[in-house]
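Single-letter residue listing:
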Amino acid sequence: MRRWVLLALGIVFWIGLAPDPLLAQGGSSDGRTTIHVVQRGETLYRIALAYGTSVEAIAQTNGMSDTTNIQVGQRLVIPSSMVNAMVSTAGRHVVQPGESLAHIALRYGSTKELVSALNSIVNPARLYVGQVLDVSETTPGRPPLTHGYTHVVQPEDTLYRIALRYNARVDDVLLANGLSSPALIFPGQQLLIPGPDAPALQELPAPLTELTLMPLPAEVGRTFRLRVVSYEPVTPGGTFLDRPLRFAPQPDGLTFDALIGVQAMTPVGRYPLTLTIVDDSGVAITFETVLYVADGGYASEALTVSDELLDPEVDSAEIAFVAGLVSEFTPERYFDGPMGLPAAAPVTSPFGTRRSYNGSAYNRFHTGTDFGGPPGSSIYAPAAGRVVFSGPREIHGLFTVIDHGWGIYTAYAHQAESRVQPGQMVSAGEVIGTIGNSGRSTGPHLHWEVWVNGVETDGLQWTRLSFP
Ligand SMILES: [Zn+2]
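Residues numbered from 1 in each chain as written. Predicted model: local features only at pLDDT ≥ 70, side-chain atom pairs only at ≥ 80, totals over all residues.

> Would you mind showing me how to read the overall build of the protein chain here?
Across its full length, the protein chain carries nine helices and 29 strands. Expressed as a percentage of contacts within the protein chain between residues at least 6 apart in sequence, the contacts between residues at least 24 apart total 71%. (Helix = DSSP H or I, 4+ residues; strand = E, 2+ residues; numbered from the N terminus. Contact = placed C-beta atoms within 7 Å.)

Below, the structure is given as structure tokens:
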């Protein structure tokens, strides 16, 4: 008897591993593991630097024992940056929003010319956020300068008055700006005023004092937080990848966060981010920067399913239904810190896997994370929120959607049973339903989706990182 139970459970788990047919259209078939073809003159160190990874990580991924011996034309698998996060370490700097080459050079006690030469930069204006720079060489007599204000010289300004206003030394201002004489300033000029209590060096238009991205770089299929800090009340807005940015204020009224999901089929590359900041008197300033979107490290799989599971009309109707549910922006934030897991079960299929159906191109992707829990086992709310839908749908089966505020939604498909009603508030860890096999599903499992600013993103990132 017991053996039968075990055998039955084994079958259930095996079926749970079968990929479910929830899918989405995408515009591109690339985005699989990044392959770098070694060019003449390259070293492994340079390649690692360019991708924001390490020599060791590339060597390990490619099973290399001798890191000095690479051949022109050799193909190297570049490990996902989720594993090797791009962080500024000794001698390396990851370009942040609002930074210029001059600022970066100052920060490391170097010069624009030196950083340009070290990194073969031809056009400093084409620096992009997420770019990794070699800043290992410094100049004697130039102490590193990490904090300062950007001051725009006014017609009546003198360098002495400016220095006084910021409690800085004239000599330090001259040195920071490469000026030989206090007389060499002109109205409209941007001056850097060093100060230990000033914000981190950034070239931002007033009234902005800070612009940060977390985590850096942004990755395909994942979430990042854009934070804007101003010294006076403003209304920030903007666009990225053709979607409007929706900012929510922190309690201080001067810090604003936008949580941005990068659509999972977005090709790796550099994309403009446009910010529009409107002050109290209605004056708007626009600021543009370029963000690098890195590879998300997703796998690919080819699936064969019966043709009726690929009915494009049913698909697009249900995609539109879910997209409509998750498009509302609730200004209140119900979530706090990292999300919990929605099921006490193994992940049987991760988010973002590129999928080919019946020999098609790899132009679809897995829109959620699958948990292979036994039928009837509990589904938990991973964070507090308000239920906006719970009911049957053709593809998603018994389906629940929770609004966590700030444009963040989680969704639960193929349930056996729902324990919540639309409008109901739920708390983190509360049981909201049970795992089942309803809708278009090939075995009992939970298909869990996390929507950010109208885009499906990797939910497991939310269990590891604390937003905002
Ligand atoms: Zn799934």
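> Would you mind showing me how to read unusual backbone geometry here?
The bulk of non-glycine residues show a negative phi, and the bulk of peptide bonds are trans. Omega for the peptide link from Met214 to Pro215 comes to -10°, which places this bond in the cis form. Locating Pro215 in the fold gives a position in the loop between β8 (208-214) and β9 (218-219). Residues Leu216 and Pro217 are joined by a peptide bond in cis, for which omega reads 0°. By the element assignment, Pro217 lies in the loop between β8 and β9. Look at Asp242: it is not a glycine, yet its phi comes out positive at around 65°. Within the element layout of this structure, Asp242 appears in the loop between β11 (234-240) and β12 (243-244). Classification of Asp242 as exposed rests on a count of 7 C-beta atoms within 10 Å. (Buried ≥ 20, exposed ≤ 12 C-beta atoms within 10 Å, placed from the backbone.)

> Teacher, can you tell me more about the confidence of the model for the protein chain here?
Detailed reading of predicted coordinates is not advised where the pLDDT is low. Averaged over the protein chain, the pLDDT score is 84; the fraction of residues at 70 or greater is 89%. Below a pLDDT of 50 lies the segment residues 1-32, which in the model reaches 69 contacts outside its immediate sequence neighbourhood of four places, other chains included. For residues 81-86, every residue scores under 50 in pLDDT, and the model assigns this stretch 20 contacts once sequence neighbours within four places are set aside. (pLDDT = per-residue confidence, 0-100.)

> Is there a simple way to think about the sheet that holds strand β10 (residues 223-230) in this case?
Read from one edge of the open sheet, four strands run β8-β10-β14-β13, paired in antiparallel fashion. Pairing within the sheet leaves two strands with one partner each, and these edge strands are β8 and β13 (247-249). Between one strand axis and the next, the sheet turns by 20° as a mean value, whatever way the strands run. By the bridge criterion, six bridges tie β8 to β10 in an arrangement that is antiparallel. Following the sheet pairing, Leu213 is matched in β10 by Leu226. (Pairing = 2+ DSSP bridges. Axes fitted to C-alpha atoms, helices over the stretch in contact; angles between N-to-C directions.)

> In this structure, what is going on with the nonpolar core? I would like to understand it.
The nonpolar side chains of a soluble globular protein tend to be buried, and buried together. The biggest cluster of nonpolar side chains holds 87 residues, and the ones touching the most others in it are Ile260, Ala411 and Tyr412. Apart from residues no more than four positions distant in its own chain, Ile260 is found in contact with Thr223, Phe224, Leu226, Phe240, Leu245, Val452 and Asn453. One finds Leu44, Ile58, Leu76 and Ile78 within the second-largest nonpolar core, a separate group that totals five residues. (Core = buried A, V, L, I, M, F, W, Y, C linked by C-beta atoms within 7 Å.)

> I tried to follow the pairing of strand β28 (residues 446-452) on my own but got confused; where do I start?
Along any regular strand the residues' side chains alternate between the sheet's two faces. Where burial is concerned, most of β28 is hidden: seven out of the seven residues are buried. Side chains Leu446, Trp448, Val450 and Val452 project from β28 onto one buried face, and the interleaved His447, Glu449 and Trp451 project onto a second face that is buried too. Here three bridges tie strand β21 (residues 369-371) to β28, and the two strands are oriented antiparallel to one another. By the bridge assignment for β28, Thr369 is matched with Trp448. As defined by bridge partners, strand β25 (residues 408-418) adjoins β28 across six bridges and the pair is classed as antiparallel. Looking across to β28, one finds that Ile408 is bridged to Val452. Here β28 pairs with strand β29 (residues 455-457) via three bridges, running antiparallel. Across the sheet, Val450 pairs through a bridge with Thr457, a residue of β29. Counted along the chain from β28 to the antiparallel partner β29, the turn is two residues long, and its residue Asn453 has a positive phi close to 50°.

> Even after reading the chapter, I still don't get the sheet that holds β11, so can you show me in this structure?
Two pairing modes exist for strands in a sheet, parallel and antiparallel, and in both the strands are linked by backbone hydrogen bonds. Spatially, five strands are ordered β9-β16-β15-β11-β12 in an open sheet, and the strand pairing comes out mixed. Of all strands in the sheet, those bounded by a partner on one side alone are β9 and β12. Relative to strand β15 (residues 269-279), β11 is paired through seven bridges, and the arrangement is antiparallel. Pairing of Thr235 across the sheet is with Val278, part of β15.

> How should the environment of Ala102 be read in this particular structure?
For Ala102, the position within the fold is in helix α4 (residues 101-107). The sequence separation of Ala102 and Glu203 amounts to 101 residues, and the corresponding C-alpha distance is 9.4 Å.

> What is the right way to look at the environment of Tyr128 in this model?
Considering the arrangement of structural elements, one finds Tyr128 in the loop between α5 (112-118) and β5 (132-134). Overall, the presence of 16 C-beta atoms within 10 Å leaves Tyr128 in the partly exposed class. For the pair formed by Tyr128 and Val290, sequence separation is 162 residues and the distance between their alpha carbons is 5.1 Å. Other than its neighbours up to four places away in sequence, Tyr128 contacts Val95, Arg270, Val290, Leu291 and Tyr292.

> Teacher, can you tell me more about the environment of Ile78 here?
With respect to the helices and strands, Ile78 occurs in strand β3 (residues 75-78). For Ile78, a count of 23 C-beta atoms within 10 Å puts it in the buried group. Separated by 217 residues in the primary sequence, Ile78 and Asp295 have C-alpha atoms spaced 9.4 Å apart.

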